[in-house]
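Chain and residue survey
These are the residues of each chain, in order.
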Number of protein chains: 4
Amino acid sequence: MRFRINNLALAEEGKKKIDWAEVHMPVLTNLKKRFQEKLPLKDIRVAGCLHVTKETGVLIRTIKALGANIAWCGCNPLSTQDDVAASIADEGISIFASRGVSKEQYYNDIRSTMEIKPNITIDDGADLTVEMHNIEGRQNEEVYGGTEETTTGVIRLRAMERVGKLKYPIIAVNDAETKHDFDNIYGTGQSALDGIIRATNVLIAGKNVVVAGYGHVGKGVARRALGLGANVIVTEVDPIAGLKAKLDGYRVMPMIDASHAGDIFITTTGCRDVVTQEHILKMKNGALLANAGHFNVEISINSLELNSVSNKKINENNHEYLLKNGNKIYLIGEGRLVNLAAAEGHPSEVMDMSFANQLLSVLRLVDSRGKLSPGVYDIDKSQDQEIAKAKLESMGIHIDVLSPQQKNYLEGFNEGT
Amino acid sequence: MRFRINNLALAEEGKKKIDWAEVHMPVLTNLKKRFQEKLPLKDIRVAGCLHVTKETGVLIRTIKALGANIAWCGCNPLSTQDDVAASIADEGISIFASRGVSKEQYYNDIRSTMEIKPNITIDDGADLTVEMHNIEGRQNEEVYGGTEETTTGVIRLRAMERVGKLKYPIIAVNDAETKHDFDNIYGTGQSALDGIIRATNVLIAGKNVVVAGYGHVGKGVARRALGLGANVIVTEVDPIAGLKAKLDGYRVMPMIDASHAGDIFITTTGCRDVVTQEHILKMKNGALLANAGHFNVEISINSLELNSVSNKKINENNHEYLLKNGNKIYLIGEGRLVNLAAAEGHPSEVMDMSFANQLLSVLRLVDSRGKLSPGVYDIDKSQDQEIAKAKLESMGIHIDVLSPQQKNYLEGFNEGT
Amino acid sequence: MRFRINNLALAEEGKKKIDWAEVHMPVLTNLKKRFQEKLPLKDIRVAGCLHVTKETGVLIRTIKALGANIAWCGCNPLSTQDDVAASIADEGISIFASRGVSKEQYYNDIRSTMEIKPNITIDDGADLTVEMHNIEGRQNEEVYGGTEETTTGVIRLRAMERVGKLKYPIIAVNDAETKHDFDNIYGTGQSALDGIIRATNVLIAGKNVVVAGYGHVGKGVARRALGLGANVIVTEVDPIAGLKAKLDGYRVMPMIDASHAGDIFITTTGCRDVVTQEHILKMKNGALLANAGHFNVEISINSLELNSVSNKKINENNHEYLLKNGNKIYLIGEGRLVNLAAAEGHPSEVMDMSFANQLLSVLRLVDSRGKLSPGVYDIDKSQDQEIAKAKLESMGIHIDVLSPQQKNYLEGFNEGT
Amino acid sequence: MRFRINNLALAEEGKKKIDWAEVHMPVLTNLKKRFQEKLPLKDIRVAGCLHVTKETGVLIRTIKALGANIAWCGCNPLSTQDDVAASIADEGISIFASRGVSKEQYYNDIRSTMEIKPNITIDDGADLTVEMHNIEGRQNEEVYGGTEETTTGVIRLRAMERVGKLKYPIIAVNDAETKHDFDNIYGTGQSALDGIIRATNVLIAGKNVVVAGYGHVGKGVARRALGLGANVIVTEVDPIAGLKAKLDGYRVMPMIDASHAGDIFITTTGCRDVVTQEHILKMKNGALLANAGHFNVEISINSLELNSVSNKKINENNHEYLLKNGNKIYLIGEGRLVNLAAAEGHPSEVMDMSFANQLLSVLRLVDSRGKLSPGVYDIDKSQDQEIAKAKLESMGIHIDVLSPQQKNYLEGFNEGT
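Below or above, wherever it landed, is the structure these notes cover. (Residues numbered from 1 in each chain as written. Chains lettered and ligands numbered in written order. Predicted model: local features only at pLDDT ≥ 70, side-chain atom pairs only at ≥ 80, totals over all residues. Heavy atoms only, no water.)

On to the sheet that holds strand E12 (residues 288–291) of chain D. All names here are of chain D. A sheet is described by the order of its strands in space; here eight strands give the open sequence E10-E9-E8-E11-E12-E15-E14-E13, paired in mixed fashion. Two strands lie at the open edges of the sheet, namely strand E10 (251–252) and strand E13 (308–315), each paired on one side alone. Sheet strands touched by helix H9 (residues 183–200): strand E11 (264–267), E12, E13, strand E14 (318–323) and strand E15 (328–332). Its angle to E12, the strand with the most contacts, is close to 140°. Its contacts with the sheet put helix H10 (residues 216–227) on strand E8 (208–212), strand E9 (231–235) and E11, and the angle it makes with E8 is roughly 170°. (Pairing = 2+ DSSP bridges. Helix = DSSP H or I, 4+ residues; strand = E, 2+ residues; numbered from the N terminus. Contact = heavy atoms within 4.5 Å. Axes fitted to C-alpha atoms, helices over the stretch in contact; angles between N-to-C directions.)

A word on the relation of the copies chain A and chain B. At an RMSD of 0.0 Å, chain A and chain B line up after a rotation of 180° and a shift of 0.0 Å along the axis. In symmetry terms, the pair is related by a two-fold rotation axis. Looking at chain A, 100% of its interface residues are interface residues in chain B too, so the copies touch through the same face. (Least-squares fit on C-alpha atoms with pLDDT ≥ 70 in both.)

A word on helix H2 (residues 26–35) of chain D. When H2(D) is considered as a whole, its buried residues turn out to be D:Val27, D:Leu28, D:Thr29, D:Leu31 and D:Lys32. Packed against the buried residues of H2(D) are helix H1 (11–23), helix H3 (54–65), helix H16 (348–367) and helix H17 (381–394) of chain D. (Buried < 20%, exposed > 50% of the residue type's maximum accessible area, 1.4 Å probe, protein only.)

Okay, the relation of the copies chain C and chain B next. Note on the identical chains: chain C maps onto chain B by a rotation of 180° and an axial translation of 0.0 Å, with an RMSD of 0.0 Å. By residue overlap, the copies meet face to face through one surface: 100% of the interface positions of chain C are interface positions in chain B.

Our next topic: helix H17 (residues 381–394) of chain B. Its 14 residues give H17(B) an end-to-end C-alpha distance of 20 Å, which sits within 8% of 20 Å, the value for a rise of 1.5 Å per residue. Buried residues along H17(B) sit in contact with helix H11 (239–247) of chain A together with helix H2 (26–35), helix H8 (177–180) and helix H16 (348–367) of chain B. B:Gly396 occupies a position one or two residues after H17(B) and carries a positive phi of about 75°. (Expected span 1.5 Å × (residues − 1).)

Residue and element names in this part refer to chain A. In terms of residue burial, strand E8 (residues 208–212) counts as a mostly covered element, since five of its five residues are buried. Side chains Asn-208, Val-210 and Ala-212 project from E8 onto one buried face, and the interleaved Val-209 and Val-211 project onto a second face that is buried too. The sheet contact formed by E8 and strand E9 (residues 231–235) spans five bridges and is parallel. Counted as the bridge partner of Val-211 is Val-234 from E9. Both E8 and strand E11 (residues 264–267) contribute to a ladder of four bridges, which runs parallel. From the neighbouring strand, Val-211 faces E11, where its bridge partner is Ile-266.

With that settled, consider the interface of chain A and chain B. The interface of chain A with chain B comprises 70 residues on the first partner and 70 residues on the second. When chain A packs against chain B, close to 5900 Å² is buried across both sides, 65% of that on carbon and sulfur atoms. Inspection of the region where chain A meets chain B yields six salt bridges. Taking the shortest distance from any N to any O, the salt bridge between B:Arg223 and A:Asp248 comes out at 2.8 Å. The interface formed by chain A and chain B holds 20 residue pairs in polar contact (both at pLDDT 80 or more) in total. Looking at the side of chain A that touches chain B, its residues break down into 35 nonpolar, eleven polar and 24 charged. (Buried area = accessible area lost by both parts, 1.4 Å probe. Salt bridge = Lys/Arg side-chain N within 4 Å of Asp/Glu carboxyl O. Polar contact = N/O pair within 3.5 Å; in protein donor to acceptor, adjacent residues only side chain to side chain. Nonpolar A, V, L, I, M, F, W, Y, C, P; charged D, E, K, R; others polar.)

A surface patch of like charges, here positive, comprises A:Lys16, D:Lys312, D:Lys313 and D:Lys328. Mapped onto the secondary structure, D:Lys312 falls in strand E13. A relative accessible area of 47% places D:Lys312 in the partly exposed class. (Patch = residues over 30% accessible without salt bridge, like charges linked within 9 Å, V, L, I, M, F, W, Y side chains within 5 Å. Areas by Shrake-Rupley, 256 points an atom, 1.4 Å probe, with all protein chains shown as cover. Lys, Arg positive; Asp, Glu negative; His and termini not counted. Charge placed at Lys NZ, Arg CZ, Asp CG, Glu CD.)

Further remarks concern the interface of chain C and chain B. Facing 36 residues of chain C, the contacting portion of chain B comprises 36 residues. A buried area of about 2900 Å², summed over both sides, lies between chain C and chain B, and 54% of it is on carbon and sulfur atoms. Summed over the shared surface of chain C and chain B, the result is two salt bridges. For the salt bridge of C:Lys207 with B:Glu349, the shortest nitrogen-to-oxygen distance reads 2.7 Å. Connecting chain C to chain B are 16 residue pairs in polar contact (both at pLDDT 80 or more). For the side of chain C that touches chain B, the secondary-structure elements that each account for two or more residues are helix H1 (11–23), helix H3 (54–65), helix H9 (183–200), helix H10 (216–227), strand E13 (308–315) and helix H16 (348–367) of chain C.

A separate point is the side chain of A:His346. Turning to its location among the elements, A:His346 is positioned in the loop between helix H15 (338–341) and helix H16 (348–367). Reaching out from A:His346, the side chain makes a polar contact with the backbone nitrogen of A:Thr188 at a distance of 3.2 Å. Sequence-distant contacts of A:His346, that is, excluding residues within four places in its chain, are made with A:Glu55, A:Asp183, A:Gly187, A:Thr188, A:Ser191, A:Asn339, A:Met351 and D:Asn201.

Residues and elements named next belong to chain B. A positive phi angle is found at Lys-117, which is not glycine, with a value near 55°. Looking at where Lys-117 falls in the secondary structure, it is placed in the loop between helix H5 (103–114) and strand E5 (120–123). A residue is classified by how much of its surface remains accessible, and Lys-117, at 47% relative accessible area, is partly exposed.

Let us look at the pattern of salt bridges. Two side chains of opposite charge can pair, provided their charged atoms sit close to one another. Under the defined criterion, the tally for this structure stands at 120 salt bridges over all chains. Where C:Glu22 meets C:Arg61, a salt bridge forms, and the shortest distance between an N and an O atom there is 2.6 Å. In this pair, C:Glu22 is assigned in helix H1 and C:Arg61 in helix H3, connecting sequence segments 39 residues apart. C:Arg61 matches C:Glu22 in its accessibility class, with the two residues each being buried. Residues participating in the shared-partner salt-bridge network are A:Lys15, A:Asp19, A:Glu22, A:Lys32, A:Arg61 and A:Glu91.

So, in structure tokens, the structure goes:
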């Protein structure tokens, strides 16, 4: 067991956080209870590349309790919670992660993680999986398969699959309904705003909040901004999504027009160069920029720097750029995932479902080793429904059950008007 | 040309309504302008079975303008607007529809419509299509195909397809994103509440509104009830949908528990026997029952009648049942689609997109006659996007366009952190 | 007993409506039960000038049950429900009201009502009270006092009081918290949108709705428009109200700027000339205009007419003006209170509290005859709280009660940090 | 100049915070620019007792810039931001404040502040003012008067006034509409939820949030909880407020019933013993308790302790109580104002208006020294409107202006129907 973390002395604080998260993740905790006696992951080598947060700590604990050997790294240079990393190391697990790493260090950490020679990879954004493919010998027969946590990663992996470059099976955990329809909407929705508020303490009420993209994340962010009293403007490239935003009561316009109006800009597109020089130069003095998409390419930091005469740090997650035109523009969390950089990421309650899906997917990969050809695989609807049911029960909620007559009716076609 | 309508003298009033709808349906109107010179439907025989509303009037006018021969009937015994039917007849189109028909008359009207020997069927709920299959010779080679407007109909037709009973191709207009993600959510959402208000004038604010089902219609109805100040309770049979309702802030519980609490019950499930005797007997005095699902089987009218000592008509769309237990329960619109029975159905603005999809689907069926084997077909994503784009433009809304670099980025996988 | 109504044959339909309203007005109904044995209004002559709706029917029945002699007229040329008026006449009460009267007929009806030589006047908008003062001898010692239902009326009467022109005591029912904080916000909020939807069936979702004025009515209308999916713009003249609208998430701008953007305009100011020629000429083709303020002076109908080449009736409550600039502008309900002209006014549930306040105020005027000098009087806080408590109980809602220790704490000042 | 603070080394960090707040307080900053040349507070001694936050830092800087001598202390044992206190000391101002003081130290700090022998007191909660009255000689003729920032303080001071104990004039800044209608609703609304999220990172969506009290603070908290996806339950003792909550769509019930249902409890009443033993014993395992009222008496900490077998600190603002019944209950921020204990208090944007009112009130007290008899004074409506106007302008918002004809109309009474 090896590790590269920031400060082992933070382990106790990290442990408290993971403990707190654990009680808010009843679905995952119940799965652990159900499986841990049989040790279904005994001696399985798992490499994980996923935001080092308290919830990930719970996932790691769970996988370990089922018998796995684990090595872990972060999947974003700014998302590691150093106290959590310390606690994981303190529990005897190899981990290579600290908050605020350089790109070089970031990839070194991924490669350190890969030295476990994983049977299973758990990924978020596909950086580990791509690296496994880039480094010869890493995508060999010892690799049963991998999982992918996020939209961006699934898009990258499907692109690899399309051109025949994907060498082992991947389960698209992201595409589980209990994952992407929940963590993106409810998790990012709350935590992206939370990150902006922690970094700036601005009043959201009365602000013009520009949300770039109206996919799952954008919808969640827009809804929470509205719920906090903002006037929301949505930008889109897809007319169907744009039309939904319009009928949901938001203003919809091109980013160049939104640039004048916005007080706060939040990118959620998964694309690059969503906020660029032409937009920045039209913004109001005092505008705040934040990104809730996976990579820090949505806001052009390069444009900010090229157009600035100086910049300074207001606090750890708030940087002021003094533009040549005299305006001050503020970049939150260095343009990286704002809910992880400036807040604590998704609340435990939504990660509970994501990580229950992760765990069941890892178990499925182990069960079906050698049987799945390379490709991106979906999660079974039944797994999704099982997780939703367990979640509802953990909240004390019961629902109706179809009677045989009702099932029959739904499957038939004879009964009309 | 033949017709069976209620009162031809209403034609002028109906014409005014259709004219009013037409100006609120710019996408369909623009398609008409684009195609009408070439008469692509010249001599094509079209049988339609779809709510006779002012918006359907615009669709009929459009199809006629493109050259078709048309026969039409209603798809719900209580949804025909008699003035609109009169105006359609007055424009020289065969129509067999009046508000408040018996089941027998309803099917007679469908059969009258079928006498045109259609090349194309346009259906909503699949009653016409099923009847076409029931009556020998009606699903022969002269039938190029059909379209289906609603979820319930698509479910029935897919059930027929599964067991090999479907004899001609059907385009599932309902499954277009610009259709089911819009008319169900925004259209039924507003108009179901509108129907209840017109029938009762109750204040929605402060009422406990029980929404059965949290599919597209249920979400729309729940959102509008909330928007009007109600406290919303959702019932579901699917745990994923139930969990979404819970995280959207609603209460979620079995119908039997909701029965005590509700002031207004709205069924949106597409299933039968959602509100039955056991629920009705637990309801508060004064409870209102309405259905926004396709068929009038969701609320058990039979249970109401069996448990009543008397009933009376408060107004055309509001019937009081005096239960044996002394409570009065009110049934809106006879348990039929409340937005059509007690209001005017979907606003023109959403039918615009539905019917643009209908028109393009009819054109596609004509273009591909003889080439499509029996089965249920989806709408192309590109058609969906074209309609959304046209709709946004009609509202004066512009959106962003991906640059080549952005497209490239979205299609690649090499660029990671 | 005399009457001037439209059609006595409508009495049965009106009776059904009043019956329906009665069961939705439990507070007023309970007061009736409490007082009717003692006939506290025996031989008291009451003149009422208040929208002739089904709820007013319940108030009239109640006052009659307590012993009064009654004469009644409408307080708006377009708000009388003819079937309700018929039923009131049919119950043997003098009434002078029909829908769609000329200004001359309107004032004739007020004067017919005054012929009862009232001891008590019940007014809404102060037209009756002003007329009582204009016609010599009508404000003499036989008049114990009056009540006033609405903001506009109270403003007029306080203006009269300021200049010494008010000759008898008026209880400002409007200023009861259980009145103006409820019917304006919840009642007009819902019913103004209801009126617009009934008149036009437009989809509110995605529309730009301009609300002029952010007082009680404006807040209610804005909230419901938002709740139905609109993007709301508020115009104001008071900076505090404007700032609240802004922080509530709405856009705030002068009417001249809103004129370009709006799809639907709703005036709620109580002032005149809020929408005038300069605004109308800048509006989009198809814009809808409606008024939810007391008098039809908020939208300049004169400007519409002067700038039109023609106009036509789409339906009873929707008139199209074809402007010289080629645009069509639609005026709903002739610019009169849209919730009364095009819908059914406030739902019974809110009128319940208003009219409970009316009844208790009438009883107070009778009790204190000869003791109150001319002036505008407030409602006691205790009456307000009693009505709110009765209303909550009728909804099955219980609340907490302060303990003696808590009361003590709230009255003291010694306990600090 | 003297001070008692935690750590002067934090001054630089505190300065950055105050600088950041200053740019978000344009109304106060503009007043500073307008007045500072004339030094209207030259040699005036000002004692302040108000949460030591970055916004208060801006107020202190402003008062100093106008010439005053200042001594300052906190008004809550847990609300002082130590870095801000350090920066104030570093700017040469007497300050006695640190986060987490004992009650004894708290009052010592107040007395240290009083040693400046103030001409003006600025208070928040009335602890300083009461202490000025308790200690002989402190309410003498050198005291021109004071201001009071919060509802609780005004209630205490009006109680003193009623019994003739108030010895100098107080301007009730709290009662300015631009103060209490904004900071309570928009400020506490956002920041109370912010405090709970920072302390626990729980997902608000899907939680049952019980809000005790539906005054300004309660409304704000309820609205934001709803906006974040919670299901909100309101408890009240006033039927009018309870009825409003009900019609706003919330559930309303006594606290004893809410105790079973709630996941998060937030008290906002200004009263004591709102959450006591009988409630705590009925709560779910994992329930969170937070207070957003002025004093820490709303949640009975005593009851928590008496019913616990142990307690532990999850983090600085989250304490776990393990009850004898086996449940764990969590107390956020020690039951003190959660938005100040666990977050940063009101955002600068709302304090801008509060403190503009404070500044103008201090200037008024100086202008009218010797002319105001003891008593609680209101703020002029014109001052309120001036501040709202300045705020709107700082946001780039313009509003309409009444024409002379419109003013005339509003003041008259002759124009009726």
